[in-house]
Amino acid sequence: HVQLVESGGGSVQAGGSLRLSCVASGNTHNSNYMGWFRQSLGKQREGVAIIYTGTKSVYGDTTYYPDSVKGRFTVSRDNAKNILSLRMSSLKPEDTAMYYCAADRGNFGYQLRARTFDFWGQGTQVTVS
């Protein structure tokens, strides 16, 4: 069991910045990927930032972003504290969504597909106006 708790959401004007945090607890040793997804009303959940946390890579933390946020969003982790962070800048109204932290025990998290991930937080709302 893995528990994920997000924080840091809020309202910000277009062009502003925001940082989200996700605290992971429980059995996190088998997670190969962790990341952030977002979902707006009436739309499917979309991956916005994924980081490889398994043992397959020898190059350090490998990250994955869709084109819509690349260059604006940065995901990082604090291994000692099991905290995943998402730094967002140059925010746009279309970034408005509920943002979720997730963990994947499989091998396909890099595809940024929600169905691949096994554990989810409750979400934190981000509103850009």
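**Q** I would appreciate a short explanation of the layout of surface pockets in the present structure.
**A** One way to see where empty space is left: roll a probe the size of a water molecule over the atoms. Taken as a whole, the largest pocket spans an internal volume of roughly 220 Å³. Broken down by class, the residue content of the lining of the largest pocket amounts to 4 nonpolar, 6 polar and 2 charged.

**Q** How do you make sense of the side chain of Arg38 when you look at a structure like this?
**A** Relative to the assigned elements, Arg38 resides in strand S4 (residues 33-39). A distance of 2.8 Å separates a polar atom in the side chain of Arg38 from a polar atom in the side chain of Asp95. Within the structure, the side chain of Arg38 is placed 3.1 Å from the side chain of Tyr99, a separation counted as a polar contact. Ignoring sequence-local partners within four residues, the contact set of Arg38 consists of Gln44, Arg45, Glu46, Val48, Ser68, Val69, Phe73, Glu94, Asp95, Ala97, Met98 and Tyr99.

**Q** Would you mind showing me how to read the state of the cysteines here?
**A** By definition, a disulfide links the sulfur atoms of two cysteine residues through a covalent bond. In this structure the tally under the stated criterion is 1 disulfide. Note that Cys22 is cross-linked by a disulfide to Cys101, the S-S spacing being 2.0 Å. Looking down the S-S bond of the Cys22 and Cys101 bridge, the torsion is -80°, so its handedness is left-handed. Placement of Cys22 in strand S3 (residues 18-26) and of Cys101 in strand S9 (residues 97-104) is noted, with a sequence separation of 79 residues between them. On the basis of relative accessible area, Cys22 is assigned to the buried category, the value being 0%. Classification of Cys101 by relative accessible area gives buried; the value is 0%.

**Q** Please clarify how the pairing of S4 should be interpreted in this entry.
**A** Where burial is concerned, most of S4 is hidden: 6 out of the 7 residues are buried. Two elements, S4 and strand S5 (residues 46-52), share 6 bridges in a ladder whose sense is antiparallel. Residue pairing for S5: Trp36 is matched across the bridge by Ala49. Two successive antiparallel strands, S4 and S5, enclose a turn made up of 6 residues, where Gly42 displays a positive phi of approximately 85°. Where S4 lies against S9, 7 bridges are found, and the strand directions are antiparallel. When the sheet's bridge partners are listed, Trp36 is paired in S9 with Cys101.

**Q** Honestly, the pattern of salt bridges in this entry has me stumped. Any pointers?
**A** Oppositely charged side chains can pair when the atoms bearing their charge come close. Applying the stated rule across the entire model yields 4 salt bridges. The residue Glu46 makes a salt bridge to Arg38 at a minimum N-O spacing of 4.0 Å. In this structure Arg38 comes out as buried when scored by relative accessible area, which is 8%. When the shortest N-O distance is used, the salt bridge between Asp95 and Arg38 registers 2.8 Å. Taken together, the positions of Asp95 in the loop between strand S8 (83-88) and S9 and Arg38 in strand S4 put the pair 57 residues apart, joining distant regions of the chain. By the burial criterion, Asp95 is buried, and Arg38 matches it.

The rules behind each value
Residues numbered from 1 in each chain as written. Predicted model: local features only at pLDDT ≥ 70, side-chain atom pairs only at ≥ 80, totals over all residues. Heavy atoms only, no water. 1 Å grid on protein atoms, 1.4 Å probe; cavity = no way out; pocket = protein on both sides within 12 Å on 5 of 7 lines; lining within 4 Å. Points joined across faces, edges and corners; volume = space filled by probe spheres on them. Nonpolar A, V, L, I, M, F, W, Y, C, P; charged D, E, K, R; others polar. Helix = DSSP H or I, 4+ residues; strand = E, 2+ residues; numbered from the N terminus. Polar contact = N/O pair within 3.5 Å; in protein donor to acceptor, adjacent residues only side chain to side chain. Contact = heavy atoms within 4.5 Å. Disulfide = S-S within 2.5 Å. Buried < 20%, exposed > 50% of the residue type's maximum accessible area, 1.4 Å probe, protein only. Pairing = 2+ DSSP bridges. Salt bridge = Lys/Arg side-chain N within 4 Å of Asp/Glu carboxyl O.

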